[in-house]
Amino acid sequence: MSPQPQEALSLTGRARALASRSWQVFRANWHLGFTAFGGPPVHFRIFNDKFVQRTKWIDEQVFQELFSISQALSGPASTKMLYCINLIQDGFLAAVFSFLLWSLPGAIGMYALAVGVSKIDETLPRPVYALLSGLNAGTVGVIALAAVELSEKAITDRLTRILVFLGATAGMLYNALWYFPVLMVASGIATLVHDLRWMHQPVSMILGFGTNLKGKLIRTWPFGKWPGSTSNAGNDDAAHQGRRNSAADEESIEMSSVTKATATATASSNSGARPRPGQGTQRSGLPVTEQEASASSAESEPRIIPSELRLDFSWKIGTAIVAGFFATFIAVMVTRGVFPNPPGLPLLYHLFANMYLAGTIIFGGGPVVIPLLREYVVAEGWVNPRDFLIGLALIQAFPGPNFNFAVFLGALTAIGSGNNAVAGAVIAWVGIFSPGLILVHGTMGIWSAVRSKRWVKAVLRGINASAVGLIYTAVYRIWNVGYLDEGFQFGKSLGDDPWWVVVTATSYVGGRWFNLKAPAAIMLGAIMGLIRYGVVSA
């Protein structure tokens, strides 16, 4: 056969393989952009059910790893996780394709709403405000339920329980751009120190020194009985008891060493034997109950990563991607600073620069991006506060990533400045999403080189717990701005009216105990908002 037909057959085979892989990615991802309501916490639940339980593209361990990475890097958390799942499964093109399927439906919807909002009067009808407030209240209940369910997986022992609590409370008490990444890094260090037992020996030495010092003081006490004891004999008894406890401790240590040695020998002798029933199933490195917490200890053997869950590009390529991103970020920011206002550079360039900056410095996902976008768009005079609040309520009820809010703001900015609305929407969309996706793509290359290390596993436990705690912070922040009404320049707390508390509780209880899906819970909130308007108006 001549070379040309062989080359044609080769191209045909590759085209068919590409089409087959694209169809597989489409089948797995197409509906998510239309049905994934409720924001990142709910998205994580959906991804776990879809890609861990059903398709088994990844296992629970990899899911927990990707959850921690997505939360620890800037940008849209659930979008980064979906991108990485498809990157592991079928490579770069599949990851980009899945992102488009995930983001475009909501982005197109937010663009259409921006065009519609730009044409409405200064005030909205009162039923619309009731509808939007109901959507917000229902969404808060859905996110609260997702936070509880994610906590059940993140809490593996007493330390992670504390870290979830501290992450939630610390996030409620203070808000700054640098604050959330610092909380997650501190949590990772805490579990690293705990799991590698770096502090166990110093603490044991200090406690042992204190016990020995007390024993010496009791034996040499020159003033009669020891304070708190009833007789001098009690001193001898106490000293004798201390010696007995010390001997018992030594015996316990010796027995523990013998037990460990026996277990090691047994494991070694059985290395080629078939596992007993119940032992053959591979379990997650991050257990879901406190009783299984020992499985997540850094003392366990490093995990062997299955070949199908490994990436085929090196840490050097990943490092180059991350370095290239920061070079572009510096260039965009320097240009933005040198030419601060039009006519130096077009307004749409400043829109892109603001969105690029927001996508780079935002940690914590959609609930964190909203206050910052207010600063970068409303404070600039590009979008008025009323339209911002309308978009804020609508994005909570839209499927897909909350970062699609930038499309709404970009379109309104372009319309208000006399530019093309589609151009403004696309520029804002690219600016807000590209930093997180570029960073996570490069980080996955670095991650492939270090993911099997025991210290990495320990750090992830803390980051994961702190990130789950921050979801409760998202509940708190949306709660405080969810109530909308005529004349409000900013949203008010849903707690200002008991009805919205009832709506939120109904959404939570429906999902928790009656298997009410997130879209239905959010729509039920909207209906209950209209019911309130009807009752109050009557």
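Just so it is clear, the model here is predicted, and its values are computed rather than measured. (Residues numbered from 1 in each chain as written. Predicted model: local features only at pLDDT ≥ 70, side-chain atom pairs only at ≥ 80, totals over all residues. Heavy atoms only, no water.)

Before we move on, could you go through the overall build of the protein and cite the residues and values that matter?
Per the secondary structure count, the protein includes 20 helices and 0 strands. Counting over 538 residues, the protein shows a buried share of 48%. When contacts within the protein are restricted to residue pairs at least 6 apart in sequence, long-range pairs at least 24 apart make up 74% of them. By element, 64% of the accessible surface of the protein is carried by carbon and sulfur atoms, the whole surface being about 26,600 Å². (Helix = DSSP H or I, 4+ residues; strand = E, 2+ residues; numbered from the N terminus. Buried < 20%, exposed > 50% of the residue type's maximum accessible area, 1.4 Å probe, protein only. Contact = heavy atoms within 4.5 Å. Areas by Shrake-Rupley, 256 points an atom, 1.4 Å probe, with all protein chains shown as cover.)

Outline the packing of helix α8 (residues 158–173) against helix α9 (residues 179–195), supporting the account with residue identities and numerical values.
Running from N to C, α8 and α9 point in directions that differ by 165°, and their axes come no closer than 11 Å. Here α8 is positioned roughly antiparallel relative to α9, judged by the angle of their axes. Considering only the axes of α8 and α9, their crossing is right-handed. Seen from α8, the contacting residues are Leu-159, Leu-163, Gly-167, Ala-170 and Gly-171; seen from α9, they are Tyr-179, Phe-180, Leu-183, Ser-187, Ala-190, Thr-191 and His-194. (Axes fitted to C-alpha atoms, helices over the stretch in contact; angles between N-to-C directions. Parallel < 35°, antiparallel > 145°, perpendicular 65-115°, else oblique. Left-handed = near helix turned anticlockwise from the far one by under 90°.)

An account of helix α17 (residues 421–450) is needed here, citing residue identities and associated values.
The periodicity of an α-helix, 3.6 residues per turn, causes residues three or four places apart in sequence to face the same way. Over its 30 residues, α17 extends 44 Å from the first C-alpha to the last, a length consistent with the 44 Å expected when each residue adds 1.5 Å. The N-cap of α17, judged by a side-chain oxygen 2.9 Å from the amide nitrogen of Val-422 a few residues on, is Asn-420. (Expected span 1.5 Å × (residues − 1). Polar contact = N/O pair within 3.5 Å; in protein donor to acceptor, adjacent residues only side chain to side chain.)

Help me get a handle on a nonpolar patch on the surface, residues and values and all.
Taken together, the side chains of Trp-23, Phe-26, Trp-30 and Phe-34 define a hydrophobic patch exposed on the protein surface, amounting to about 450 Å² of accessible area. By the secondary structure assignment, Phe-34 is in helix α2 (residues 32–35). The partly exposed category is assigned to Phe-34, whose relative accessible area is 48%. (Patch = residues over 30% accessible without salt bridge, like charges linked within 9 Å, V, L, I, M, F, W, Y side chains within 5 Å. Salt bridge = Lys/Arg side-chain N within 4 Å of Asp/Glu carboxyl O.)

Requested: an account of the environment of Arg-54, with residues and values cited.
If you trace the backbone, Arg-54 turns up in helix α3 (residues 40–54). According to the relative accessible area criterion, Arg-54 is exposed, its value standing at 59%. At a separation of 2.9 Å, a polar atom in the side chain of Arg-54 contacts the side chain of Asp-49.

Which residues make up the confidence of the model for the protein, and what values go with them?
Do not read the fine detail of predicted coordinates wherever pLDDT is low. On average, residues of the protein score 80 in pLDDT, and 78% of them reach the 70 mark or higher. In the predicted structure, residues 233–301 sits below a pLDDT of 50 and forms 55 contacts with residues beyond four places in sequence or in another chain. (pLDDT = per-residue confidence, 0-100.)

Which residues make up the packing of aromatic side chains, and what are the values?
One pass over the structure, following the stated rule, counts 20 aromatic pairs. Consider the rings of Trp-23 and Phe-26, whose centres lie 5.7 Å apart with planes at 25°: the pair is stacked. Here Phe-26 and Trp-23 lie together in helix α1 (residues 3–29), a separation of 3 residues that amounts to about one turn. Residues Phe-325 and Phe-329 carry aromatic rings whose centres are separated by 6.3 Å and whose planes lie at 25° to one another, so their mutual orientation is stacked. Taken as a pair, Phe-325 and Phe-329 lie in helix α12 (residues 315–338) at a separation of 4 residues, close to a single helical turn. Judged on exposure class, the residue Phe-325 and its partner Phe-329 are both buried. Linked through ring pairs, Phe-325, Phe-326, Phe-329, Phe-352 and Tyr-356 together constitute an aromatic cluster. (Phe/Tyr/Trp six-rings, centres within 6.5 Å; stacked < 30°, edge-to-face > 60°.)

I'd like a description of unusual backbone geometry, backed by residues and values.
The residue Lys-56 is not glycine, and still its phi comes out positive at about 55°. Positionally, Lys-56 belongs in the loop between α3 and α4 (60–72). For Asn-515, which is not a glycine, the phi torsion comes out positive at approximately 55°. Following the sequence through the fold, Asn-515 ends up in the loop between α19 (498–513) and α20 (518–537).

Describe the nonpolar core, with residues and values.
The nonpolar side chains of a soluble globular protein tend to be buried with one another. Judged by nonpolar contacts, the single largest core of 131 residues is most densely connected at Phe-47, Phe-51, Leu-66, Met-355, Phe-405 and Leu-409. In terms of residues, this core owes the most to one element, helix α7 (residues 126–154), which gives 14 residues. (Core = buried A, V, L, I, M, F, W, Y, C linked by side-chain atoms within 4.5 Å.)

Could you give an account of the packing of α3 against α7, with specific residues and numbers?
Where α3 contacts α7, the axes come no closer than 8 Å and their chain directions differ by 55°. Between α3 and α7, the angle falls in the class oblique. Crossing handedness for the pair α3 and α7: left-handed. Contacts between α3 and α7 involve Pro-41, Val-42, Phe-44, Arg-45 and Asn-48 from the first element and Val-142, Ile-143, Leu-145, Ala-146, Glu-149, Leu-150 and Lys-153 from the second. Split by residue class, the contact of α3 with α7 holds 8 nonpolar, 1 polar and 3 charged. (Nonpolar A, V, L, I, M, F, W, Y, C, P; charged D, E, K, R; others polar.)

Can you tell me about the side chain of Asn-354, naming the residues and giving the values?
For Asn-354, the location among the structural elements is in helix α13 (residues 347–361). Take Asn-354: its relative accessible area is 2%, and that puts it in the buried class. Here the side chain of Asn-354 touches Arg-336 through a polar contact of 2.9 Å, side chain to side chain.

Any details on the pattern of salt bridges? Residues and values, ideally.
Here the structure, examined in full by the defined rule, presents 10 salt bridges. Of the charged contacts, one joins Arg-54 and Asp-49 as a salt bridge, the two residues approaching to 2.9 Å between their closest N and O atoms. In this structure Asp-49 comes out as partly exposed when scored by relative accessible area, which is 32%. Beyond isolated ion pairs, a larger network of salt bridges with shared partners links Asp-157, Asp-195 and Arg-461.

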